[in-house]
Amino acid sequence: MVAFGKKLKERQIQEWQGYYINYKLMKKKVKQYAHQIEIGALERRHVLKDFSRMLDNQIEKIVLFLLEQQGLMASRIAKLGEEQDSLQQEPDISKISNLRESYRAVGQDLLKLLFFVEMNAIGLRKILKKFDKRFGYRFTNYYVKTRANHPYSQLQQVFKHVGLGAVVGAISRNLGDLQDRQGSYLSIYDQPALPLQDPVVDSIKAAVDRLTHSTNFLHFLAQHALIMQEELPTPTEEHVDDQRYHFMSLLLNLVNTFLYMVNTYIIVPTADDYSMSLGAAATVCGIVIGAMAVAQVFSSVYFSAWSNKSYFRPLVFSSIVLFVGNTLYALAYDLNSIWVLLIGRLFCGFGSARAVNRRYISDCVPLKVRMQASAGFVSASALGMACGPALAGLLQTNFKIYKITINQDTLPGWVMAVAWLFYLIWLWISFKEPSRETEENHVPQGSNADPAENDVLEKGLAQPLLLSSEDNQQDEDGDQECDVSEEAPEESHLPTTSIGSAYKLLTPSVKVQLLIYFMLKYAMEILISESSVITTYYFGWSTGEVAIFLACLGLTVLPVNIVVGSYISNMFEDRQILLASEIMVFVGILLSFHIIIPYSVPQYVCSGLIMFVFAEVLEGVNLSLLSRVMSSRLSRGTYNGGLLSTEAGTIARVIADGTITLAGYLGESRLLNATLLPSLLICIASITSTFYTYNTLY
């Protein structure tokens, strides 16, 4: 990946060049320290003192320049205010227009200053992480704690952008006052909800939003989606995003996500009953549920490739295929054919357009709302997961229309077929295909844009610089501690062209994260897919009771994410949460085994809840870490990081559903333990790999 030093040099504002952080010098200094310590020429405490002094000098240089520029802007705004006061007495349309343009010019300079602050904040974060990684010392914790909390803190000026808010407010208020409000004497303070329709103010707001990220919860949810934001977007790219953004098209993508998740889980409570009604064993439900995942392994690839050229056509194709698949699923009962049932589910899997949904958000949604859209993607998935089983529990009926049977087994298919038909009509009427001409000049964010740097300022204000959990990532500059990388070739920006080349870019830490993702998806699929068979065998639960249990599991997703994203992630490092969650998943699996004592409902429900909840926590934290350790070459193109993680999770589901069917040959009395044993072994392998990788590398 292209070194940050080179990126910083390319994007510097030339007239301000001497005021940026001297990242290249500091990186060389870190290497000198390492060499001197190695040969015994320098003690560690002297290194810490010298490096602290150097950082203080760099920050002071940045802050003094920042204050100087703020003062110049304040003087310009004050003079413009005097002109505005004189126009109150003798209004002149041409002078008002010129005054408005003058305020906009100040706004453009403010944008440059915000970009200056952003790049320096990134540089400080990176050099601190590089120092920690090189010396294995928690210098970041010490430096931030001593500097950020000091009453004369200069660090706060950079990361809290103190004073810039007043400049933003002055520009916004005065432009608002100059705007034609059709005789209204109200200001922006009287109507804070009323948006000021001015491009400069919108751009400033987007830049400030990058520095002051809305909430940790939204960020945590967005990590689930593995849709990342580019670290240093240019104003041109933001303008392109605004041109391509269409709210109704985004909403249609989120509805597609919701309906697909409903489609996936609506059959789970009745799959065993449906299989038996067609003459198959109850455990064939594993194949019935898993058939959709098998097809999704292939559909993810061709949908990801198709989204390079269009978003509308893949979504239309997806809707048609899902309509056909659900119709076949429903007709299988009257045709008395298990094969028609399986083909119907395969068709549903071939209609999985989640790759398109992710890609649309990352490529066509403006940066200022992309985090909310990503959180919406995850929320839609979670809601669909809860609504699917709940809806199945409500569809308890039995009647015939002509020769077509409508009962609890077939009705999920008919309901989803109708839902996809209505969705297709809505899609055809309302979806707006983004301009591809614009995209050619706009490097796509991909499903997961530059993961190593995406959260530079999103958590930096709540926890300035203190993101030690990111130490697990590869050297962010991609330089492998070598100056040669400063001249990284242009080819390093190119996306991968095959699964094989994508796999070669995976570092040991990335492979561990993918193994963890595989493990948690395997464990969750075992729990969900066999729930109907297990609860019927041990407890005699009805379809409605199974549906309530699964719906309750699904409803825990968002509350758990709120707690983790808003509170726990602020208290512990990501790696600590990761390891603790893995251990708790292991405990949940262990408690689920049926050994000697009679199997009870409290044991099954509690162990299942522990397993599912901590698997959800693990998924969010794992994808958060994964997004920061992947190569930037996996941030775009067909074979991107989102596709790799999707494939890992889908393959896990396929193997889990196959395990259920194979274990069914041992008999229902042994099914539970036979399916839990592989989950336990994979979980142990996952925990061992986590310990080994992080202890070895870090």
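Residues numbered from 1 in each chain as written. Predicted model: local features only at pLDDT ≥ 70, side-chain atom pairs only at ≥ 80, totals over all residues. Heavy atoms only, no water.

1. Digging into unusual backbone geometry
Right, on to step 1. Positive phi outside glycine occurs at Tyr 402, with the angle close to 60 degrees.
Right, on to step 2. Examined against the element boundaries, Tyr 402 turns out to sit in the loop between β1 (398-401) and β2 (404-407).
Right, on to step 3. The backbone of Ile 596 sits at a positive phi, close to 60 degrees, despite the residue not being glycine.
Right, on to step 4. Structurally, Ile 596 is set in the loop between α25 (574-592) and α26 (601-629). (Helix = DSSP H or I, 4+ residues; strand = E, 2+ residues; numbered from the N terminus.)

2. Quick notes on helix α14 (residues 312-335)
Right, on to step 1. Taking 1.5 Å per residue as the helical rise, α14 with its 24 residues ought to reach 34 Å, and the 34 Å between its terminal C-alpha atoms agrees with that figure.
Right, on to step 2. Just beyond α14, the residue with positive phi is Asn 336, at close to 50 degrees. (Expected span 1.5 Å × (residues − 1).)

3. A few points about the nonpolar core
Nonpolar side chains tend toward joint burial in soluble globular proteins.
Right, on to step 1. If you look at the biggest cluster of nonpolar residues, it comprises 117 residues, and the most contacted ones within it are Leu 341, Leu 427, Phe 431, Val 585, Ile 589 and Phe 612.
Right, on to step 2. A per-element tally of this core places helix α21 (residues 508-529) first, with 14 residues.
Right, on to step 3. There are two domains that each give this core at least three residues, and those are domain 2 (246-433) and domain 3 (503-697).
Right, on to step 4. Those residues within four positions of Ile 589 in sequence are excluded, and the remaining contacts are Ala 523, Met 611, Leu 676, Ser 679, Leu 680 and Cys 683. (Core = buried A, V, L, I, M, F, W, Y, C linked by side-chain atoms within 4.5 Å. Buried < 20%, exposed > 50% of the residue type's maximum accessible area, 1.4 Å probe, protein only. Domains from an automatic or database assignment. Contact = heavy atoms within 4.5 Å.)

4. Regarding helix α22 (residues 531-539)
Right, on to step 1. For α22, a buried count of 7 out of 9 residues is recorded, marking the element as mostly surrounded by other parts of the structure.
Right, on to step 2. The first or second residue beyond α22 is Gly 540, which carries a positive phi of 65 degrees.

5. Details of the side chain of Thr 264
Right, on to step 1. As for its position among the elements, Thr 264 is in helix α11 (residues 247-265).
Right, on to step 2. Within the structure, Thr 264 has its side chain in polar contact with the backbone oxygen of Tyr 260 (distance 2.9 Å).
Right, on to step 3. Excluding residues that lie within four positions of it along the chain, Thr 264 makes contacts with Met 292, Arg 345 and Arg 653. (Polar contact = N/O pair within 3.5 Å; in protein donor to acceptor, adjacent residues only side chain to side chain.)

6. Digging into the confidence of the model for the protein chain
Right, on to step 1. Across the protein chain, pLDDT averages 77, with 73% of residues at or above 70.
Right, on to step 2. Between residues 438-492, whose pLDDT stays under 50, and residues either more than four places distant or in other chains, the model counts 194 contacts. (pLDDT = per-residue confidence, 0-100.)

7. Concerning the packing of α14 against helix α18 (residues 411-430)
Relative placement of two packed helices is described by the angle separating their axes and the distance separating the axes.
Right, on to step 1. The N-to-C vectors of α14 and α18 enclose an angle of 160 degrees; their axes lie 8 Å apart at closest approach. The orientation of α14 with respect to α18, classified from their angle, is roughly antiparallel. Like other packed secondary-structure pairs, α14 and α18 cross with a definite hand, here left-handed. Residues Phe 312, Leu 315, Val 316, Ser 319, Ile 320, Leu 322, Phe 323, Asn 326, Thr 327, Tyr 329, Ala 330 and Leu 331 of α14 pack against Gly 413, Trp 414, Met 416, Ala 417, Trp 420, Leu 421, Tyr 423, Leu 424, Leu 427 and Trp 428 of α18.
Right, on to step 2. Residue composition of the contact of α14 with α18, grouped by class: 18 nonpolar, 4 polar and no charged. (Axes fitted to C-alpha atoms, helices over the stretch in contact; angles between N-to-C directions. Parallel < 35°, antiparallel > 145°, perpendicular 65-115°, else oblique. Left-handed = near helix turned anticlockwise from the far one by under 90°. Nonpolar A, V, L, I, M, F, W, Y, C, P; charged D, E, K, R; others polar.)

8. Some points on the pairing of β1
Right, on to step 1. Alignment of β1 against β2, held across 4 bridges, turns out to be antiparallel. Along β2, the bridge assignment pairs Lys 400 with Thr 405.
Right, on to step 2. Once β1 ends, the chain turns through 2 residues before running back antiparallel as β2, passing Tyr 402 with a positive phi of about 60 degrees. (Pairing = 2+ DSSP bridges.)

9. Overview of the packing of helix α13 (residues 285-306) against α14
Right, on to step 1. The geometry of α13 relative to α14 is characterised by a closest axis approach of 12 Å and an angle of 165 degrees between their N-to-C directions. In terms of orientation, α13 lies roughly antiparallel with respect to α14. In terms of crossing hand, the pair formed by α13 and α14 is right-handed. Taken together, the residues of α14 that come into contact with α13 (itself represented by Val 288, Tyr 302, Phe 303 and Trp 306) are Arg 313, Pro 314, Phe 317, Ser 318 and Tyr 329.
Right, on to step 2. Classifying every residue of the contact of α13 with α14 by side-chain character gives 7 nonpolar, 1 polar and 1 charged.

10. A look at the environment of Ala 615
Right, on to step 1. Residue placement: Ala 615 occurs in helix α26.
Right, on to step 2. Along the chain, Ala 615 and Ala 523 lie 92 residues apart, while their C-alpha atoms are 8.1 Å from each other.
Right, on to step 3. Those residues in contact with Ala 615, other than ones at most four positions away along the chain, are Leu 520, Met 524 and Val 585.

11. Concerning a nonpolar patch on the surface
Right, on to step 1. Taken together, the side chains of Ile 320, Phe 323, Val 324, Trp 339, Ile 343, Phe 347, Val 418, Leu 421, Phe 422, Ile 425, Trp 428 and Ile 429 present a nonpolar region at the surface, about 1,200 Å² in accessible area.
Right, on to step 2. If you list the elements that add at least two residues to the nonpolar patch, you get α14, α15 (338-350) and α18.
Right, on to step 3. Looking at the nonpolar patch element by element, the count peaks at 6 residues for α18.
Right, on to step 4. Note on Ile 425: relative accessible area 45%, which makes it partly exposed. (Patch = residues over 30% accessible without salt bridge, like charges linked within 9 Å, V, L, I, M, F, W, Y side chains within 5 Å. Areas by Shrake-Rupley, 256 points an atom, 1.4 Å probe, with all protein chains shown as cover. Salt bridge = Lys/Arg side-chain N within 4 Å of Asp/Glu carboxyl O.)

12. Points about the side chain of Glu 647
Right, on to step 1. Mapped onto the elements of the fold, Glu 647 is located in helix α27 (residues 641-663).
Right, on to step 2. Here Glu 647 sits buried without a salt bridge, and the closest side chain of opposite charge, Arg 358, lies 8.8 Å off (N-O distance).
Right, on to step 3. What Glu 647 contacts, discounting residues up to four positions off in sequence, is Gln 296, Val 297, Ser 300 and Val 301. (Lys, Arg positive; Asp, Glu negative; His and termini not counted.)

13. Concerning the environment of Val 63
Right, on to step 1. With respect to the helices and strands, Val 63 occurs in helix α3 (residues 44-89).
Right, on to step 2. By relative accessible area, Val 63 is classed as buried at 3%.

14. Quick look at the packing of aromatic side chains
In this description, an aromatic ring pair is defined by two values, namely the gap between the centres and the angle between the planes.
Right, on to step 1. Under the definition given, this model contains 30 aromatic pairs.
Right, on to step 2. The interplanar angle of 20 degrees and the centroid separation of 6.4 Å between the aromatic rings of Phe 518 and Tyr 522 together place this pair among those described as stacked. Highlighted residues: Phe 518 and Tyr 522, both in helix α21, separated by 4 residues, approximately one helical turn.
Right, on to step 3. Its relative accessible area of 18% is what places Phe 518 among the buried residues.
Right, on to step 4. Taken together, the ring pairs in this structure connect Tyr 537, Tyr 538, Phe 539, Trp 541, Phe 549, Tyr 599 and Tyr 604 into an aromatic cluster.
Right, on to step 5. For Lys 112, the ring lying beneath its charged end belongs to Trp 16, and the centroid distance is 5.5 Å. (Phe/Tyr/Trp six-rings, centres within 6.5 Å; stacked < 30°, edge-to-face > 60°. Lys NZ or Arg CZ within 6 Å of the ring centre and 35° of its normal.)

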